[in-house]
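Remarks on the overall topology
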Amino acid sequence: MISVFDLFSIGIGPSSSHTVGPMRAACAFVHTLKQSALLSRTERVVAECYGSLGQTGKGHGTGKAIILGLAGFEPESVDIEAIPAFLDQVEHSQTLRLGGEQPSQFPRVGAILFNRRKTLPAHSNGMTLRAFAGDALLFEQTYYSIGGGFIIEESHFANAREEAARFDAAHPVPYPFESGAQLLAQCQESGLSISGLMLANEKVFRSEAEIKAGLRKIWQAMQGCVERG
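What comes next is a walk through the structure. What you are looking at is a predicted structure, and each value in this text was computed from that prediction instead of being measured.

1. Focus: the nonpolar core
Residues Phe29, Ile66, Leu70, Leu96, Phe106 and Leu129 are the most contacted members of the largest nonpolar core, which totals 33 residues. Every element with two or more residues in this core is listed here: α2 (16-35), β1 (44-50), α4 (62-70), α5 (83-93), β2 (95-98), β4 (112-114) and β5 (125-133). Broken down by element, the residue count for this core peaks at six residues, all from α2. Residues contacting Phe29, with those up to four places away along its chain left out, are Val45, Leu70, Leu129, Arg130, Ala131, Phe139, Glu140, Gln141 and Tyr143. Counting five residues, the second-largest nonpolar core is a separate cluster that includes Val4, Phe5, Ile211 and Ile218.

2. Thoughts on the packing of α4 against α5
At a closest axis distance of 11 Å, the pairing of α4 and α5 adopts a crossing angle of 85 degrees. Judged by the inter-axis angle, α4 sits roughly perpendicular to α5. Here Lys64, Ile67 and Leu68 of α4 come into contact with α5, specifically with Ile83, Phe86, Leu87 and Val90. For the contact of α4 with α5, the residue count by class is six nonpolar, no polar and one charged.

3. Quick notes on the packing of α2 against α4
Closest axis-to-axis distance for the α2/α4 pair is 7 Å, and the angle between their directions is 30 degrees. Judged by the angle between their axes, α2 and α4 are roughly parallel. By crossing handedness, the relation of α2 to α4 is classed as right-handed. When α2 is examined against α4, the residues His18, Thr19, Pro22, Met23, Ala26, Cys27, Phe29 and Val30 are found in contact with a partner set consisting of Thr62, Ala65, Ile66, Leu68, Gly69 and Leu70. Taken together, the residues that form the contact of α2 with α4 break down as ten nonpolar, four polar and no charged.

4. A closer look at a nonpolar patch on the surface
On the surface, a cluster of nonpolar side chains totalling about 490 Å² of accessible area is made up of Ile2, Leu7, Phe8, Ile146 and Phe150. Mapping Ile2 onto the fold places it in the segment before α1 (4-7). A relative accessible area of 53% means that Ile2 is categorised as exposed.

Parameters at a glance
Residues numbered from 1 in each chain as written. Predicted model: local features only at pLDDT ≥ 70, side-chain atom pairs only at ≥ 80, totals over all residues. Heavy atoms only, no water. Core = buried A, V, L, I, M, F, W, Y, C linked by side-chain atoms within 4.5 Å. Buried < 20%, exposed > 50% of the residue type's maximum accessible area, 1.4 Å probe, protein only. Helix = DSSP H or I, 4+ residues; strand = E, 2+ residues; numbered from the N terminus. Contact = heavy atoms within 4.5 Å. Axes fitted to C-alpha atoms, helices over the stretch in contact; angles between N-to-C directions. Parallel < 35°, antiparallel > 145°, perpendicular 65-115°, else oblique. Nonpolar A, V, L, I, M, F, W, Y, C, P; charged D, E, K, R; others polar. Left-handed = near helix turned anticlockwise from the far one by under 90°. Patch = residues over 30% accessible without salt bridge, like charges linked within 9 Å, V, L, I, M, F, W, Y side chains within 5 Å. Areas by Shrake-Rupley, 256 points an atom, 1.4 Å probe, with all protein chains shown as cover. Salt bridge = Lys/Arg side-chain N within 4 Å of Asp/Glu carboxyl O.

Note that all results are geometric; they support no functional claim without further evidence.
What follows is the structure in structure tokens.
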């Protein structure tokens, strides 16, 4: 099941696949470095974008999103008003604190590479991140930004459908549906409105208080977008 919070996730624009996904991937990469006790040894990071990310990533803010993610910012909580000044500081200093703590080199040229003619085999939105100590490669990870801000590590890509099926089997919702017609049929049979049915399904994953709090955050984010034009 895809949650309403997956469909209406909070993130920076202009593209969920080209901006939110890469930002989450970069943040996840730094988190993995920290868990593996490699962060303190990392002196520089290189990001390579492939396929659609390589072809149109510059126009969709992919590079900026990668920088923010490497710095430890997340799409849901980053202060968008502070982004321009932060990016200017990174560009002028040519350094970046990974996860907000580990100093690393981040030169204007070579830190982020956009491969316009190369596509990774599993998906058109691919990116590979590499951590170095000097010239020695410490760790690398390839991620795919599959749309909607979702990311999958390359090692999990082949089994993603099976993993999703296992998750759904372990968390059955009371009113499953795979089309609009099935949704309406479930409403007619249960006597619930669409919103009531969706609430019942969402309560499998989180409490009603958490759902309402999440919806308020989405509404506030949407209002902020309208106010800023």
